[in-house]
Amino acid sequence: MIFRFILFLPFLFSILQLSAQPVNLKNAVILVSPSIPAPMRMTAPQLLTEEIAKRTATSLKQVSNWPKGPAIVLALASDKSVAGKTVPNRPGTGLPEQKPEGFRIVTEQTATGTTVWVLGADARGVLFGSGWLLRNLKMDAKRLELEKTVDLATAPAYSIRGHQLGYRTTANSYDAWTVAQFEQYYRDLAIFGTNAIEGIPFHEGDTKSPLFRITPKEMQVRMSELCQKYDMDYWVWTPATFDLTDESQRKAELEKHEAFYRACPRLDHIFFPGGDPGDNHPREVMAFLKDLHDRLIRSHPNAKIWISLQGFDTEQIDYFYNYLAQLKPAWLQGVVSGPSSPPMAETRYRLPKNYQHREYPDLTHNVRCEFPVERWDQAYALTLGREAINPRPFFFAGIHGKYAPFTNGFVSYSDGCHDDVNKVIWSMRGWDPTKSVNEILNEYSRFFFGWPLTYGATNGILALENNWQGPLAQNGGVEATFAFWQNLETAHPELKANWRWQMLLLRAYYDVYTRRRLLYEQGLEKTATELLAQAMETNLAETMEQALAVVNKADKEPVSPDLRKKIETLCADLFASIGLQTSVPKYKAKNYERGCLLDFVDYPLNNRWWLTDEFSKIRAMKTPREQLDRIKSIAFWETPGAGSYYDDVSSGGNSPRVRTISEDATDIAWWNNGSSRARLSSQTFQHAPALEYDNLDPGARYLIRVAGSGDALLRIDGQRLHPTVYNKELETFKEWIVPLSLTQDGRISVSFDEPEESHLNWRQRSKISDVWLLKQ
C-alpha cells in the first residue's frame, strides 16, 4: 500500500502544480453557444472583447467552430454540447448554475490549451459569469490570464440589485453624460453584479440642464434600450407632486405615463414614492396606481407597480395595510422602503408575504441624509459637504447586512458617480452577503486600475474611509493617506485620465489640505483669543484690529497653496472626464449642496467671519464696559476657567462630555447656501443632547449655560429645572442654577426634553449648540 502511494505522489504533485499555474488566455478565441437568447448572445462576447482589448491592446476573435488553441466558451448550463464539444455539466439539481442568474466558471485543460467555460443558468447568468471573468483576469499588454484553474459556481442571494441613475439637473454628473457614457456605466455595474437601473423620467418637468447632451425624454428611451441590450430591469421613479383629486391633472398625468410606456422598448417596474415628494393620501394614490397599471400592461404586460410609504403618517400607513388586506390588489408587486419610511423590519412584518419588499438606500449623501457619516468632523461637513466623493466600503457593507435580510433586494438612491465604490459594494453584497469588503475592493481595483494595483488601490480606498473617522485635527492618518496616494499617483501616470482614479486622488488631496488648514486656522484663532483675553477698556479698538489681523492671515498667508492648486486641477480633470460638477459658477452644478466642494475649499475653518461681524457690533455699543464684557465673553467662550467645562455639541473634537449623536446628521447646519458667517460652534447642534459630568466639587455652586436657538427643556439627573435666563435667538444664552443637592456625589447627568415641534420643518426646530457648566 505504501509503495502504491509513493508511485502516486509524482502524479498528484503534477496535478497540483498544474492547477496552481496561471491559465494563459493571451491567444484565446471566444466561442458562443447559439442557445443563448438574443441580445445577450451578442452583448456578452462584445463585452468581453471590448473590455479585454482596452486593457491588453488585443482583440479576441469570435469563432463558430471549436478552436485548436485556448478558448473562452459562453454557454447555457442546460446545453449538452457546443460546436460538437461536450459541456462539462455537473449531475444534480438545485445547483447554483441552475438558479436564476447563476453561473459556473470551469477550466478544462486540453492538449491544445485551456478552455474557460462560462456556463449561465440564463442570459443574465452568462452576463454575470462574463463579469466574474473580467474581474478576475490579470490583463496588461503582455498577459491575459487567470491566476489558476477554476471550478466555481454561484447564484445571487438577492433578486433585486440596482441603482438609480437620474438624467436630471439635480444630479452632479449624470446630466452631462452621453449615451455612450451611460452604456459604459451600465456595463461597469453589470460586471459587478447589478441587474437593474432606475431612471427618473418626469420629476423635473421641462427643466433643462445646461449640460444635457440630448433631451431627457430621448435619454430615458435610450436608457430603456440599454437595459434591453444588457438584460437589466428598467425601473422608473415617478412621483406625483400635484393633488391627485384634481381630475384634469390626474388625466394628463396618466396620458403622459402611457405615452412614455409606449416609447420604451423595455420597462419592468414603476416605483411611485408615496410622500417624498408628494402629499397625497393613499386613498387617492392606490386608485391612481391601479389606473396606471391598466395602462402599463398595454405596452409591457409583465411590468409591475411599487409604492413607498415615505412621509405617510400612522393613519395613512394603517389605511394602506387595510387596503391590502381587504382588496388584495394583484397589480401591486411590493413596497419600497427609503428615507422617511416606516422601519424596515416593521414593514416586512406587516406586509403580506405575497408582496415583495425593496430597499431604497441613500448611498450618495454624507450629511442631512439617511446614512450620515457618524460624528463627521465639522471641517469636512463645511467643505466637502453633502455630496462629496464618498467611498465608505465598510460602513455601507454593514448597512447592507443590517437591512437586506428584510428585503428582496435594493435599488439605491444616487445622484452622481461620486458614490461609485458604494454602488459596487452593494451590488456585490447583494450577490453574496458573505463576500469580504477587501475581496470586493481587490476586484474593483484590479479591473478599473490594473492588476498591479489590486492591493495597493484597495488599501488606498480603505485609508480614505478612515480619513473621516474621528476628529480631523487628531487624525494623523490623513497625512499618511495623502503620502500613500501621492506615491501611487507618481508610480502610475498611465491612470491620469481615469475618472475613478481622479476622484480618489481628489479626496486624498482635499482631505489633507482641509486638515492642514484646520490646524493652521485654529491656531491663528487661539492666538487671537489670547490677545482678546488681555484687552482693557483703554485699548479695545487696537486689540480688535490686532486679533482680526491674526485670524485673517488664513486668507493673506494661506497654508499649502500647492495643494489648493492641485485640487482645482483635479476638479477640472473630473469635469472633462466624467462631467462631475464640483462648482456652481465653474461647472454649472444645480446648487451649492450638490457636490460643490470646489466652491467651499476656502471656507473659513476658524471664526474670522464671525469675529469681523461681532467686532462691528461691539464698536456700536454705548460704553467701553459693555464692549469689554463682550470681548471677554468671546475670548473665554471655549475656555471658561478652572473647574468649569465647555462642550461644542456635535463637534467630535470639542465635545468630550456629549454622549449622543444625531442619527440623520441634521446637526450640521446648511445656512445661506453653505456660506454662513455664524460662529462655527453655532453650526453644529443637536435637538436633545445628553452630557455626563464627573469630578465635580460637592461644595461648589454651578450654573449651566446653553447657546442655540428656540427652546431648551433642561433636566439634571432627571429633574426638570427652571431657567433664570431664557433667550431664544441664535447665539444668545439660557441659564439654570444647579441645586447643590444634585452635585453632592460629584456627578451629574444633563439631558433635554424635545419640545413639541412636529408642525415645524426640521430646519426650524430648536437647536442646542454650546453647553457650559460654570463653577461659580
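Right above here is the structure, for reference.
About the thresholds
Residues numbered from 1 in each chain as written. Predicted model: local features only at pLDDT ≥ 70, side-chain atom pairs only at ≥ 80, totals over all residues. Heavy atoms only, no water. Helix = DSSP H or I, 4+ residues; strand = E, 2+ residues; numbered from the N terminus. Polar contact = N/O pair within 3.5 Å; in protein donor to acceptor, adjacent residues only side chain to side chain. Contact = heavy atoms within 4.5 Å. 1 Å grid on protein atoms, 1.4 Å probe; cavity = no way out; pocket = protein on both sides within 12 Å on 5 of 7 lines; lining within 4 Å. Points joined across faces, edges and corners; volume = space filled by probe spheres on them. Nonpolar A, V, L, I, M, F, W, Y, C, P; charged D, E, K, R; others polar. Axes fitted to C-alpha atoms, helices over the stretch in contact; angles between N-to-C directions. Parallel < 35°, antiparallel > 145°, perpendicular 65-115°, else oblique. Pairing = 2+ DSSP bridges. Phe/Tyr/Trp six-rings, centres within 6.5 Å; stacked < 30°, edge-to-face > 60°. Buried < 20%, exposed > 50% of the residue type's maximum accessible area, 1.4 Å probe, protein only. Lys NZ or Arg CZ within 6 Å of the ring centre and 35° of its normal. Expected span 1.5 Å × (residues − 1). Arc of directions from axis to C-beta.

Student: Just to check I follow, could you spell out the side chain of Asn280 for this structure?
Tutor: Examined against the element boundaries, Asn280 turns out to sit in the loop between β15 (269-273) and α7 (282-299). In this structure the side chain of Asn280 is engaged in a polar contact, spanning 2.9 Å, whose partner is the backbone oxygen of Phe242. Polar contacts involving the side chain of Asn280 include one to the main-chain amide nitrogen of Leu244, which spans 2.9 Å. Dropping the residues within four chain positions of it, Asn280 is found in contact with Ala240, Phe242, Asp243, Leu244, Gly274, Val285, Phe312 and Gln316.

Student: Honestly, the layout of surface pockets in this entry has me stumped. Any pointers?
Tutor: Leftover empty space is mapped by rolling, across the atoms, a probe with the size of a water molecule. Taken as a whole, the largest pocket holds about 1,500 Å³ of empty space. At four residues, the largest contribution of residues to the lining of the largest pocket is made by helix α11 (residues 393-403). For the lining of the largest pocket, the class distribution of residues is 18 nonpolar, 12 polar and 16 charged. Approximately 770 Å³ is the volume attributed to the second largest pocket. What lines the second largest pocket is a set of 34 residues, and nearest its centre among them are Gln522, Glu525, Glu638, Asp648 and Asn654. Contributing elements (two or more residues each) for the lining of the second largest pocket: α10 (378-383), α16 (499-533), α21 (608-619), α22 (624-635) and β20 (645-648). Broken down by element, the lining of the second largest pocket gets its largest block of residues, eight residues, from α16. Class assignment of the residues belonging to the lining of the second largest pocket gives a composition of 17 nonpolar, 10 polar and seven charged.

Student: What is the right way to read the packing of α11 against helix α14 (residues 456-467) from this model?
Tutor: For any two helices packed against each other, the geometry is given by the interaxial angle and the distance between the axes. Taken N-terminus to C-terminus, the directions of α11 and α14 make an angle of 80°; their axes are 8 Å apart at the nearest point. By the angle class used here, α11 and α14 are roughly perpendicular. Counted together, Pro393, Phe394 and Phe395 of α11 and Ile461, Leu462 and Glu465 of α14 form the full contact between these two elements. In terms of residue class, the contact of α11 with α14 is made up of five nonpolar, no polar and one charged.

Student: Which parts of the structure should I look at to understand empty space enclosed by the protein?
Tutor: Under the criterion given, the structure shown has seven cavities of 30 Å³ or more. The computed volume of the largest cavity comes to approximately 130 Å³. Within the lining of the largest cavity, the residues separate by chemical class into seven nonpolar, four polar and three charged.

Student: I tried to follow the side chain of Lys423 on my own but got confused; where do I start?
Tutor: With respect to the helices and strands, Lys423 occurs in helix α12 (residues 420-431). At a separation of 3.2 Å, a polar atom in the side chain of Lys423 contacts the side chain of Ser414. Engagement of the side chain of Lys423 in a polar contact is seen with the backbone oxygen of Gly416, the distance being 3.1 Å. With near-sequence residues (within four places) excluded, Lys423 lies in contact with His163, Leu165, Tyr174, Tyr185, Leu189, Leu363, Ser414, Gly416 and Cys417.

Student: Could you clarify how one ought to interpret the sheet that holds strand β9 (residues 138-139) in this entry?
Tutor: Note on sheets: strands pair through backbone hydrogen bonds, and any given pair is parallel or antiparallel. Taken together, three strands build an open sheet; the order of strands is β1-β10-β9 and the sheet is antiparallel. Among the strands making up the open sheet, the edge pair consists of β1 (23-24) and β9. In the sheet, β9 pairs with strand β10 (residues 144-146) via two bridges, with the strands oriented antiparallel. When the sheet's bridge partners are listed, Met139 is paired in β10 with Leu144.

Student: Sorry, what's going on with the environment of Leu532 here?
Tutor: Structurally, Leu532 is set in helix α16. Linking Leu532 and Ser633, residues 101 residues apart in sequence, is a C-alpha distance of 9.6 Å. Among all residues touching Leu532, those that are not within four sequence positions of it are Thr543, Ala547, Phe615, Ile631, Lys632, Ile634 and Ala635.

Student: Got a minute to help me understand the packing of aromatic side chains in this structure?
Tutor: Two numbers describe a pair of aromatic rings. These are the distance of the centres and the angle of the planes. On inspection of all chains with the given rule, the structure shows 44 aromatic pairs. Taking the centre distance of 5.6 Å and the plane angle of 40° together, the rings of Phe103 and Trp431 count as tilted. Of the two residues, Phe103 sits in strand β7 (residues 103-110) while Trp431 sits in helix α12, which places them 328 residues apart along the sequence. We note that Phe103, like Trp431, is buried. Judged by centre distance (5.7 Å) and plane angle (50°), the rings of Trp637 and Phe733 are tilted. Taken as a pair, Trp637 in the loop between α22 and β20 and Phe733 in strand β26 (residues 732-738) lie far apart in primary sequence, 96 residues in all. For the pair shown, Trp637 and Phe733 are each scored as buried. Lying across the ring of Phe192, Arg135 places its NZ or CZ 5.6 Å from the centre. When the ring centre of Phe448 is taken as reference, the NZ or CZ atom of Arg500 above it lies at 3.6 Å.

Student: Honestly, helix α19 (residues 561-578) in this entry has me stumped. Any pointers?
Tutor: The periodicity of an α-helix, 3.6 residues per turn, causes residues three or four places apart in sequence to face the same way. Spanning 18 residues, α19 covers 26 Å between terminal C-alpha atoms, matching the ideal 26 Å at 1.5 Å per step. Within α19, the full set of buried residues consists of Leu563, Arg564, Ile567, Leu570, Cys571, Leu574 and Ile578. Buried residues of α19, seen end-on, are gathered within an arc of 120° and therefore sit on one face of the element. For α19, the exposed residues lying more than 90 degrees away from the buried face are Pro561, Asp562, Lys565 and Ala576. Elements that come into contact with the buried residues of α19 comprise α4 (179-191), α15 (477-491), α16 and α20 (584-587). Phi turns positive one or two residues past the end of α19, at Gly579, with a value near 70°.

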